[in-house]
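Topology and contacts: notes
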Amino acid sequence: MATIERVEVLVTSPGRNFVTVRVTTSDGVTGLGDATLNGRELAVASYLRDHLVPLLIGRDPARIEDTWQYLYKGAYWRRGPVTMTAIAAIDVALWDIKGKQAGLPVYQLLGGRSRDGVLVYCHASGGSVDELLDDVAAYTEKGFKAIRAQAAVPGLSGSYGVRKGTFYEPASTALPDEQAWSTEAYLDFAPGYLGKVREKFGFGFHLLHDVHHRLTPIEAARFGRSVEDVRLFWMEDPTPAENQEAFRLIRQHTTTPIATGEVLNSIWDVQTLITEQLIDYVRTTVVHAGGITHLRRIFDLAALYHVRTGSHGATDLSPVTTAAAVAVDISVPNFGIQEHMGHTPETYEVFRGTPRLEDGMLLPSEEPGLGIEYDDEAAARFPYDPKYLPVARRLDGSVHDW
Ligand code: KDG
Ligand code: MG
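One structure accompanies this document, and this report is about it. (Residues numbered from 1 in each chain as written. Chains lettered and ligands numbered in written order. Predicted model: local features only at pLDDT ≥ 70, side-chain atom pairs only at ≥ 80, totals over all residues. Heavy atoms only, no water.)

**Quick look at the nonpolar core**
Formed by 119 residues in total, the largest nonpolar core has its most connected members in L48, I90, Y186, L194, F223, I292 and I298. Excluding residues that lie within four positions of it along the chain, Y186 makes contacts with V153, W181, P191, H209, V211, L215 and F223. Among the nonpolar cores identified, the runner-up in size contains six residues, and Y160, Y168, V287 and A314 belong to it. (Core = buried A, V, L, I, M, F, W, Y, C linked by side-chain atoms within 4.5 Å. Buried < 20%, exposed > 50% of the residue type's maximum accessible area, 1.4 Å probe, protein only. Contact = heavy atoms within 4.5 Å.)

**Looking at the side chain of T12**
You can see T12 is positioned in strand β1 (residues 4-12). For T12, the side chain forms a polar contact with the main-chain oxygen of F382, separated by 3.0 Å. Sequence-distant contacts of T12, that is, excluding residues within four places in its chain, are made with N17, F18, V350, Y374, A379 and F382. (Helix = DSSP H or I, 4+ residues; strand = E, 2+ residues; numbered from the N terminus. Polar contact = N/O pair within 3.5 Å; in protein donor to acceptor, adjacent residues only side chain to side chain.)

**Examining the pattern of salt bridges**
Here the structure, examined in full by the defined rule, presents 23 salt bridges. Ionic pairing is found between D66 and R59, a salt bridge with its closest N-O pair at 3.0 Å. D66 sits in the partly exposed class, given a relative accessible area of 32%. In this structure, the salt-bridge partner of D280 is R251, at a minimum N-O distance of 2.7 Å. Here D280, found in the loop between α9 (271-275) and β10 (281-282), pairs with R251, found in helix α8 (residues 246-253); they are 29 residues apart in sequence, far enough to count as distant. The class of R251 is partly exposed, set by a relative accessible area of 25%. (Salt bridge = Lys/Arg side-chain N within 4 Å of Asp/Glu carboxyl O.)

**Some points on the packing of helix α6 (residues 183-201) against helix α7 (residues 217-226)**
Running from N to C, α6 and α7 cross one another at 20°; their axes reach a closest spacing of 10 Å. Taken together, the axis directions place α6 and α7 in an arrangement best described as roughly parallel. Our pair here, α6 against α7, has a crossing hand that is right-handed. Residues T183, Y186, L187, D188, A190, P191 and L194 of α6 lie in contact with α7, whose contacting residues are E219, R222, F223 and S226. (Axes fitted to C-alpha atoms, helices over the stretch in contact; angles between N-to-C directions. Parallel < 35°, antiparallel > 145°, perpendicular 65-115°, else oblique. Left-handed = near helix turned anticlockwise from the far one by under 90°.)

The following block contains the structure:
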């Protein structure tokens, strides 16, 4: 029987900070897992190096479920982003190994295709409404069928979610940038520009919007109601996601579909949201919610309650996560949509073989495993370079909800 012989924790910053796990078996098969927790990368690297790696050496790599249970239940401390990201990385690496050993792409191990491709949404944004409209036009021309739209709120410095320059990268400063926020200004402005997107481009594509956890439940209810004519595919993270009950109030007031979960890490964090049908899309993702093994459990629960999937896919989720996400997305019955921002050319030099984007859909690799290779030489050219997301402050200087 092959055993786990080596587990490496690799840190590199090719335009973004990534932590990657590489598991090697005694018969020389390697598997990759993403362990990136944006802004807290080294906490996960230490959790892995100091606490998990010693437990894994000599274990049977084929026992994926048992390893998941052992790492999760054996720690005594449960849930939370650091724990769940570390376990996810090991879990995904073991699925990659199992695929390579079987000579099959991971999605085949998950039951095979339920659909031809994975519908993705891209990010259009602008410092002004005109810039946003130009960006939407550009993405439409590229064949995207679903577009997230965000515009800078006039008078507020550095609105979050809006690109500066050609590439949108939310974490770009060595210390957190401090940005201004006014709920009143946002609520007065955002429904108007979403309406302008529909006026100019019509209803022949899916339109999404991310509120970035910035509203209270009653404000979110008002926002959702005010954009009902725009027929959003979803309003994302209307309120901070850790208060599951808050969504009950929003739900009572609006038919605008709701998505949340990108910062949530376990089935218990979304249990009320799903079983009470308080949301329409669950945004938990492979890397931050315990890997393929645990994410499938969340998605199966969601399927029972008419909740569809809509996994997070920003630049801080490495191409290893993209490959694993596509394997899950293409196989589950209740897939909804997948976020896709893509990465810098430097990132693709380190992670080779990312899923192909064709006609607004991601397609899984047909290589055994996940189909991603980690290039050590390229990674060595990009030493760790911490970058943080901004912090939002209200106009009176106090820290706002993120
Ligand atoms: O690093 C944080 C990003 O992943 C997050 O801000 C992106 O909200 C986000 C999204 O929906 O992609
Ligand atoms: Mg978001």
